[in-house]
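Examining the three-dimensional arrangement
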Amino acid sequence: MTVWDDLVGQDRVQEQLAAAARDADAQVTAVSSGEPVADASKMTHAWLFTGPPGSGRATAARAFAAALQCVSPDRALGGQPGCGFCDGCHTTLVGTHADVEIVRTDLLSIGVKETRELVRRAQLSPAVGRWQVIVLEDADRLTEGAGNVLLKAVEEPAPRTVWLLCAPSLEDVLPTIRSRCRHLTLRTPPVEAVADVLIRRDGIPPETALAAARATQGHIGRARRLATDDRARARRAAVLKVPLRVEDVGGCLKAAQELVDTAAEDAKQLAEEVDVKETEDLKAALGAQAGGRMPRGTAGAMKELEDRQKRRKTRTQRDSLDLALTELTGFYRDVLALQLGSGIALANEEVRDAVDRIARASAPEGTLRRIEAVLACREALDRNVAPLLAVEAMTMALRAG
């Protein structure tokens, strides 16, 4: 099993990364032996991975990082970097390699303070590996100030430092940063390829895997969760009932309230799982005394943790709402497909009766307006509009058609 096996439906990207890893390996080998380095190389110091949610941006970046750190002896015999078995590959993929920093955030943004620490690390030489690799999975969440801090490091990197940035699209990254990166675009994996991965790697029954892959339209992570998590399936089923519940004003307001409450419950559940442990761990590290009394001078650290937990709760609620809105968009996409007689496979085959009913009761123009209402709600949430207000406006628009 090579490091590339988890890249689903990304053959072109895999070829480009494999070629760059070969050139990177040759470059380090040449420097180590004192030989001249070839001028023409497919390797560069900064990469930007873009693609729709679920396309595997972070997976591709991690696989490339593992290939860069590959120390398999087979390379000397013509083998390709990225064997998946050597210490360099294994520790990178599991997140324990000393020279690979994987950065993701559960907050709304990545600030200047965190970015400065990354820039400081990027100036270091590799401790045990062949490269110093920094994988920034949420480059689209960099604040403007953080992006400006990162720019200098990307523009003038250390000799053996590689930046791997991931974002949904080019527009989500500062122009000054993306212009200094080599850009790779990932596509949405085919439904059949996602189902095959779920069957082969996760042992999910074929029918369940195919249904989950079709329902999520090729989003690997969501497909796996839908196939393995009863709560996720129940939540999705509730969301797909919304189009039938907006026939009157009362139904609109009730459906909106339930969507927001479900998102808040998701955030609360995560808080119960994580926040208590984080708080207790910090108290222990700061030397909390018997009875819970904190030493002097520790109030600032506790307040910083509380603020972080609050921001994480806000993001969790928004992410949960965004997933519900994505599923609603998929429902109306199926409605539009039936109305136009396109013949494409429905993503929501399990609620085909509801899709048929909505399709017969409305026109394609109304369906497009409903899709636009869902998209407008997502944009409103991005602009920090109160969730209940934004969702109520959307359900009323769904009723109007």
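Residues numbered from 1 in each chain as written. Predicted model: local features only at pLDDT ≥ 70, side-chain atom pairs only at ≥ 80, totals over all residues. Heavy atoms only, no water.

**Topic: helix α15 (residues 387–400)**
Stated precisely, the cut-off is as follows: Strands here are runs of E lasting at least two residues and helices are runs of H or I lasting at least four, both read from the DSSP assignment and numbered beginning at the N terminus. To estimate the expected span of a helix, subtract one from its residue number and multiply by 1.5 Å. Here, residues are in contact when the closest pair of their heavy atoms is within 4.5 Å.
The end-to-end C-alpha separation of α15 is 20 Å, in line with the 20 Å expected for 14 residues at 1.5 Å each. Elements that come into contact with the buried residues of α15 comprise α11 (249–286), α12 (299–340) and α14 (364–382). Backbone geometry just after α15 places G401 at a positive phi near 70°.

**Comments concerning a nonpolar patch on the surface**
What counts is decided by this rule: Patch membership is restricted to residues that have no salt bridge and whose relative accessible area is over 30%. Joining uses 9 Å for like charges and 5 Å for the nonpolar side chains Val, Leu, Ile, Met, Phe, Trp and Tyr. In these tables, accessible area is a Shrake-Rupley quantity obtained with a 1.4 Å probe, and a residue counts as shielded only by the protein chains included in the view. Only one rule defines a salt bridge in this text: a Lys or Arg side-chain nitrogen within 4 Å of an Asp or Glu carboxyl oxygen.
Taken together, the side chains of V249, L253 and M396 make up a nonpolar region of the molecular surface, amounting to roughly 210 Å² of accessible area. Checked against the element boundaries, L253 lands in helix α11.

**Some details on a negative patch on the surface**
Convention followed: When charges are tallied, Lys and Arg are placed among the positive residues and Asp and Glu among the negative ones, while His and the ends of the chain are skipped. For this purpose, a charge sits on NZ of Lys, CZ of Arg, CG of Asp or CD of Glu. For each residue, the accessible area found with a 1.4 Å probe, counting protein chains only, is set against the maximum for its type, and the residue is called buried under 20%, exposed over 50%, and partly exposed in between.
Taken together, the side chains of D261, E265, E272 and E273 make up a negatively charged region of the molecular surface. Within the secondary structure, D261 sits in helix α11. Residue classification places D261 among the partly exposed residues on the basis of a relative accessible area of 41%.

**A closer look at the nonpolar core**
Selection rule: Grouping buried Ala, Val, Leu, Ile, Met, Phe, Trp, Tyr and Cys residues that are joined through side-chain atoms within 4.5 Å yields what is termed a nonpolar core.
By size, the foremost hydrophobic cluster in this structure holds 35 residues, and its most contacted members are W4, L17, W47, F49, F64 and L164. If you tally residues by element for this core, the top one is helix α2 (residues 57–68), at eight residues. Discounting residues that sit within four places of it in the chain, F49 has contacts with L17, R57, A60, A61, F64, L164, L165, C166, A167, L184 and L186. In terms of nonpolar packing, the next biggest core, distinct from the first, is built from 31 residues, V239, A256, A324 and A390 among them.

**A few points about the sheet that holds strand β5 (residues 182–185)**
Spelled out, the test is: Any two strands are treated as partners once DSSP identifies two or more bridges connecting them. Whenever a helix is involved, its axis is fitted only over the stretch in contact; in every case the axis is a line through C-alpha atoms, and angles between N-to-C directions fall within 0 to 180 degrees.
Pairing in this open sheet of five strands is parallel, and the strands run β2-β3-β4-β1-β5 from one edge to the other. In this open sheet, the two edge strands, each paired with only one partner strand, are β2 (100–103) and β5. Here the average twist between neighbouring strands, direction ignored, is 15°. Pairing of β2 with strand β3 (residues 132–136) involves four bridges; the strand directions are parallel. Among the inter-strand pairings, I102 is bridged to a residue of β3, identified as V135.

**Here's the deal with the pattern of salt bridges**
Evaluated as defined, the whole model comprises 23 salt bridges. Across the salt bridge formed by R130 and D25, the nearest N and O atoms sit 2.7 Å from each other. With a gap of 105 residues between them, R130 in the loop between α4 (112–122) and β3 and D25 in helix α1 (residues 11–33) connect regions that are remote in the sequence. One salt-bridge network, held together by shared partners, links R62, R104 and E137.

**Side note on the packing of helix α8 (residues 206–215) against helix α9 (residues 220–228)**
Let me state the cut-off plainly: Any angle from 65 to 115 degrees is called roughly perpendicular, while one under 35 is roughly parallel, one over 145 is roughly antiparallel, and all others are oblique. By convention, the crossing between two helices is left-handed when the near helix turns anticlockwise from the far helix through less than a right angle, and right-handed when the turn is clockwise. Each residue gets one label: Ala, Val, Leu, Ile, Met, Phe, Trp, Tyr, Cys and Pro are nonpolar, Asp, Glu, Lys and Arg are charged, and the others, such as Gly, are polar.
Their axes nearest at 8 Å, the elements α8 and α9 cross at an angle of 135°. Accordingly, the angle class assigned to the pair α8 and α9 is oblique. Pair α8 / α9 crosses with right-handed handedness. Contacts between α8 and α9 involve T208, A212, A213 and A215 from the first element and A223, L226 and A227 from the second. Looking at the contact of α8 with α9 residue by residue, the class counts come to six nonpolar, one polar and no charged.

**Considering the packing of aromatic side chains**
This is how the line gets drawn: Any pair of Phe, Tyr and Trp rings, taking the six-membered ring for Trp, is counted once the centres come within 6.5 Å. Such a pair is stacked with planes under 30 degrees apart, edge-to-face with planes over 60 apart, and tilted for the rest.
By the definition in use, this model includes two aromatic pairs. Both rings, one in W47 and one in F64, keep their centres 5.0 Å apart while their planes meet at 70°; by these two values the pair is edge-to-face. One end of the pair, W47, is in strand β1 (residues 46–50); the other, F64, is in helix α2, with 17 residues separating them in the sequence. With relative accessibility at 2%, the residue W47 sits in the buried group. What makes F64 buried here is its relative accessible area of 0%. An angle of 85° between the planes, with centres 5.5 Å apart, marks the rings of F331 and Y332 as edge-to-face.

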